[in-house]
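Structural overview
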Amino acid sequence: MHWSDEIAQRIIERKPDKEEYVCAAGISPSGSIHIGNFRDVATSYFVVKALRRAGKKAKLLFSWDEFDRMRKVPVNVAAVDNDMEKYIGYPYVDVKNPFNDEFPNYAKYFENEFETSIKEFGIEMDYRYQGDMNRSGKYVDYVLTSLKKRKEIYDILAGFRTQEATDEEREAYYPVGIYCPECHRDTTTILSLSEDCTVAEYECKCGYKGTFDFTKDFNCKLAWKIDWPMRWAYEGVDFEPGGKDHAAPTGSYQTSRVISEKIFGYEAPIFQGYEFIGIKGTTGKMSGSSGLNMTPDTLLKIYQPEVILWLYSKVEPNRTFDFCFDDAILRQYFEFDKQYNAYLEGEEDEKARITIENCLIEGRKIETVPMSLLVQLGSVVDFNPEMLETVFAKIGTPYKYEQFADRLDRAKFWLEKCSPENVNKLRSGRNWDVYNELSDEDKRAVEILHEFLSQDEYSLDELNTELYAIPKEIFTYNDDKELKKIQGNFFKNVYKLLIDKEKGPRLYLFLYAIEKERYLKLLDFSTPMTEEEKNPVVEEVVEAEPEIEYGEPDPVEPVKDVIEMADFEKLDLRVCKVIKCQEIRKSHSCYKITLNDGLKDRVIVSSIKKYYKPEDLIGKKIIVVANLAPARLTGVTSEGMLLAGTNNACGCKVIFVDDMVPEGTRIC
């Protein structure tokens, strides 16, 4: 049984007679929506499809948490407008759109970006815009209920905390935050509440003081762990997934589940925690400095939407998988094509069948033209569709442009942006440097190949046979193992003479498919070197950054001597936000990093230059030993030390903290 059917079965067993089941997902439009967040949508989408397979009515509800406060300015937003920090604390719907005038605010810009890409997947969702929902007063009864039961809510929240609760905290606790009408931020504090829990006196850090009538004023928002279950009750949610952190014993779901049942009288929906998505091979021109965000739209530049859905569908939510920007993507396409073709032949079992059916999109036809062939041969013919049609016809796979059009641009984008080292380009002239290093036997092998290729007609099989026969004709060998080595060396020489590489597309396909006039001259060394070949124009080569070499993991060291709690408490480990990251003159390994520790800005020096670029760190939150004695390093006074894991298997990896954790938070 497919995992989505198992969840659907549990939903139906709980409420067998419900007219329409509601599966929910939700994301805050804090910036471009990352592909990891897309698992929220995909998981609920597949459960909706499972419920419908079971003959039930179901819908996918998507909530835009646009009434959340702006917590930070994403790097790509700051690059467009460096004055966006002033909106920290505003609800996203009140933050200006820094990109263009087409959308009225920050939230709408990023919502449109995501919704546009969602259409590519054929996913229909019932959208809820929480700015509108809150400010229209739809939640007023739930807000009033929360205020009346605020002490009960406090007790529930306190039950999930490790710190001891106090009567003073309980008395001063209010489950709702008010957005200030003066500065627009959520930096307000409720001072008192009327006996009927409808009117509050409050003040803001900006100095504004006012009265708020919760029956008439709606510019307020319940705290997350109350807001979430409130929406379950309002919408009648039956299922909602979330990151695995929400499912932890003290996570948001466990807390909200109790609040849902005890405060709002609603049985919490079935919850499915999911693992986060990995990114493999984000190298080359797809680096972070290029400005490309890992969004569904970015993925669609290299993955067909069906393949993306297939990856989410075939892997259970509690397991991770990678989106691949390296060669592994070709394997993923191959596996998808294999399973899809088996599905068409009716050879798959029920679980595999549903995996494929989950990713089918109405109005789209899937053609399983091998992505590896499009990549291998496409670059040689400059991705010209007509020439590719000719190539495919010549090698006995007569695909037409309409069959490979949907994959062609994706193959080209992946090759040129993600894997430029795999682009196969024919040389413009003969490679005399390589040729002159060949033995007489190697040169004779090239000459025989040139003579064979100069013939008018030969079949693909005849060419393949000849390529393996030429080394046998020239070289002596003792066994098959030695012969294979000789043949491999011959292939390597031909590749180097043609494309300046030691390997490339399958050689017999390559030589048969491409017009001979384009490469035959590169194998003909019967005429002397020309003046142009003697004095070639040397293209300027930009030196690539040296790659870090990793090895086997270091031996695991024994645990150090036992310490007392008092010793540990001497350490002030706290969350700090990286404000700046600057190179230090004459230092090859260190950065000067400016941090905010919740109280002030401080500077630390760290030798992580080999592993990170400044843009990898700016805006991120890290853990710092804040009470380490200052030290003078590379001419800069360092006020602390960041935490990182260092191992031969991974190099140096900084420990990053979830952005929800405020600066200054103690680690304990």
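1. Observations concerning the overall build of the protein
From N to C terminus, the protein includes 26 helices and 22 strands. In terms of overall dimensions, the protein has a C-alpha envelope of 100 × 70 × 55 Å along the principal axes. For the protein, the residues scored as buried account for 47% of the 668 residues in total. Contacts in the protein between residues far apart in sequence, at least 24 positions, make up 68% of those at least 6 positions apart.

2. Brief notes about a nonpolar patch on the surface
On the surface, a nonpolar cluster with roughly 370 Å² of combined accessible area is contributed by Ile563, Met565, Phe568 and Leu571. Of note, Met565 is situated in helix 25 (residues 565-569). A relative accessible area of 54% places Met565 in the exposed class.

3. Focus on the pattern of salt bridges
Overall, the coordinates contain 44 salt bridges when judged by the stated rule. Between Arg161 and Glu169 there is a salt bridge whose closest N-O contact spans 3.6 Å. Where Glu203 meets Lys209, a salt bridge forms, and the shortest distance between an N and an O atom there is 3.9 Å. Assessed through its relative accessible area of 30%, Glu203 is described here as partly exposed. Among the charged side chains, a salt-bridge network with shared partners connects Asp65, Asp68, Lys221, Asp227 and Arg231.

4. Considerations on the confidence of the model for the protein
Keep in mind that low pLDDT regions are not for reading the predicted coordinates in detail. The share of residues in the protein with pLDDT of 70 or more is 96%, and the mean pLDDT across the chain is 91. Long-range and interchain partners of residues 283-292, a stretch whose pLDDT sits below 50, account for 18 contacts in this model, where long-range means more than four residues apart.

5. Structural notes on the packing of helix 20 (residues 460-474) against helix 21 (residues 480-499)
Remark: helix 20 packs on helix 21, axes separated minimally by 9 Å, with the N-to-C direction vectors making an angle of 115°. Judged by the inter-axis angle, helix 20 sits roughly perpendicular to helix 21. Relative to helix 21, the crossing made by helix 20 is right-handed. Contacts between helix 20 and helix 21 involve Leu467, Tyr468, Ile470, Pro471 and Lys472 on the former and, on the latter, Leu483, Ile486, Gln487, Phe490 and Phe491. Across the contact of helix 20 with helix 21, the residue classes tally to eight nonpolar, one polar and one charged.

6. Brief notes about helix 4 (residues 106-119)
Here helix 4 spans 21 Å end to end across 14 residues, near enough to the 20 Å set by a 1.5 Å rise per residue. Regarding helix 4, the residues found buried are Tyr106, Ala107, Tyr109, Phe110, Glu111, Phe114, Glu115, Ser117 and Ile118. Two or three places before Ala107, at the start of helix 4, stands the capping residue Asn105, its side-chain oxygen 3.1 Å from that residue's backbone nitrogen.

7. So, empty space enclosed by the protein
Summed over all chains, the structure comprises three cavities of 30 Å³ or more. In this structure, the largest cavity spans a volume of roughly 90 Å³. Along its surface, the largest cavity is lined by Ala24, Ala25, Leu61, Ser63, Arg128, Gln130, Trp228, Arg231, Trp232, Glu235, Val237 and Glu240. Going through the elements one at a time, strand 1 (21-27), strand 2 (58-64) and helix 9 (224-235) are the ones with two or more residues in the lining of the largest cavity. Taken together, the residues of the lining of the largest cavity break down into six nonpolar, two polar and four charged. What the second largest cavity holds in volume is close to 70 Å³.

8. Some words on the pairing of strand 5 (residues 188-193)
Direction of pairing for strand 5 relative to strand 6 (residues 199-204): antiparallel, over a ladder of five bridges. The partner of Thr189 across the bridge, within strand 6, is Glu203. Between strand 5 and strand 6, which pair antiparallel one after the other, the connecting turn spans five residues, and Cys197 there sits at a positive phi close to 60°.

9. Things to note about the state of the cysteines
Tallied over the full model, the rule gives zero disulfides. Free of any disulfide, Cys197 has its nearest cysteine sulfur in Cys220, 14 Å distant. What makes Cys197 buried here is its relative accessible area of 12%. Unpaired in terms of disulfides, Cys418 finds its nearest cysteine sulfur in Cys324, a separation of 11 Å.

10. Focus: the packing of aromatic side chains
With the rule as written, the count across this model stands at 50 aromatic pairs. Look at Trp3 and Phe46: their rings are 6.0 Å apart centre to centre, the planes differ by 75°, and that puts the pair in the edge-to-face class. One end of the pair, Trp3, is in helix 1 (residues 3-14); the other, Phe46, is in helix 2 (residues 38-53), with 43 residues separating them in the sequence. Considering the side-chain rings of Tyr92 and Tyr106, the 5.7 Å spacing of their centres and the 20° angle between planes classify their relative orientation as stacked.

11. Description of the nonpolar core
Formed by 113 residues in total, the largest nonpolar core has its most connected members in Phe38 and Tyr303. Sort the elements by how many residues they give to this core and helix 2 lands first, with nine residues. The contacts of Tyr303, once residues within four sequence positions are left out, are Ile308, Leu311, Phe323, Cys324, Ile329, Gln332, Tyr333 and Arg410. By size, the runner-up hydrophobic cluster in this structure holds 41 residues, among which are Ile153, Ile156, Ile190 and Trp232.

12. Some points on the sheet that holds strand 7 (residues 209-213)
Taken together, three strands build an open sheet; the order of strands is 5-6-7 and the sheet is antiparallel. What marks the edges here is a single partner per strand, and that holds for strand 5 and strand 7. Neighbour-to-neighbour, the strand axes of the sheet open up by a mean angle of 30°, direction not taken into account.

13. Regarding the environment of Arg231
You can see Arg231 is positioned in helix 9. Sequence separation between Arg231 and Ile366 is 135 residues, and the spatial gap between their C-alpha atoms is 39 Å. If we ignore the near neighbours within four places in the chain, the residues touching Arg231 are Ser63, Asp65, Gln130, Tyr139, Trp224, Gly236 and Val237. Only 2.9 Å separates the side chain of Arg231 from the side chain of Asp65, close enough to count as a polar contact.

14. Comments concerning unusual backbone geometry
In terms of backbone geometry, most residues other than glycine have negative phi values and most peptide bonds are trans. Of note in this structure, Cys197 is not a glycine but carries a positive phi near 60°. Mapped onto the fold, Cys197 is located in the loop between strand 5 and strand 6. Of note, Asp500 is a non-glycine position whose phi angle comes to about 60°, a positive value. Considering the arrangement of structural elements, one finds Asp500 in the loop between helix 21 and helix 22 (507-513). For Asp500, a relative accessible area of 45% translates into the label partly exposed.

Rules behind the numbers
- Residues numbered from 1 in each chain as written.
- Predicted model: local features only at pLDDT ≥ 70, side-chain atom pairs only at ≥ 80, totals over all residues.
- Heavy atoms only, no water.
- Helix = DSSP H or I, 4+ residues; strand = E, 2+ residues; numbered from the N terminus.
- Buried < 20%, exposed > 50% of the residue type's maximum accessible area, 1.4 Å probe, protein only.
- Contact = heavy atoms within 4.5 Å.
- Patch = residues over 30% accessible without salt bridge, like charges linked within 9 Å, V, L, I, M, F, W, Y side chains within 5 Å.
- Areas by Shrake-Rupley, 256 points an atom, 1.4 Å probe, with all protein chains shown as cover.
- Salt bridge = Lys/Arg side-chain N within 4 Å of Asp/Glu carboxyl O.
- pLDDT = per-residue confidence, 0-100.
- Axes fitted to C-alpha atoms, helices over the stretch in contact; angles between N-to-C directions.
- Parallel < 35°, antiparallel > 145°, perpendicular 65-115°, else oblique.
- Left-handed = near helix turned anticlockwise from the far one by under 90°.
- Nonpolar A, V, L, I, M, F, W, Y, C, P; charged D, E, K, R; others polar.
- Expected span 1.5 Å × (residues − 1).
- Polar contact = N/O pair within 3.5 Å; in protein donor to acceptor, adjacent residues only side chain to side chain.
- 1 Å grid on protein atoms, 1.4 Å probe; cavity = no way out; pocket = protein on both sides within 12 Å on 5 of 7 lines; lining within 4 Å.
- Points joined across faces, edges and corners; volume = space filled by probe spheres on them.
- Pairing = 2+ DSSP bridges.
- Disulfide = S-S within 2.5 Å.
- Phe/Tyr/Trp six-rings, centres within 6.5 Å; stacked < 30°, edge-to-face > 60°.
- Core = buried A, V, L, I, M, F, W, Y, C linked by side-chain atoms within 4.5 Å.

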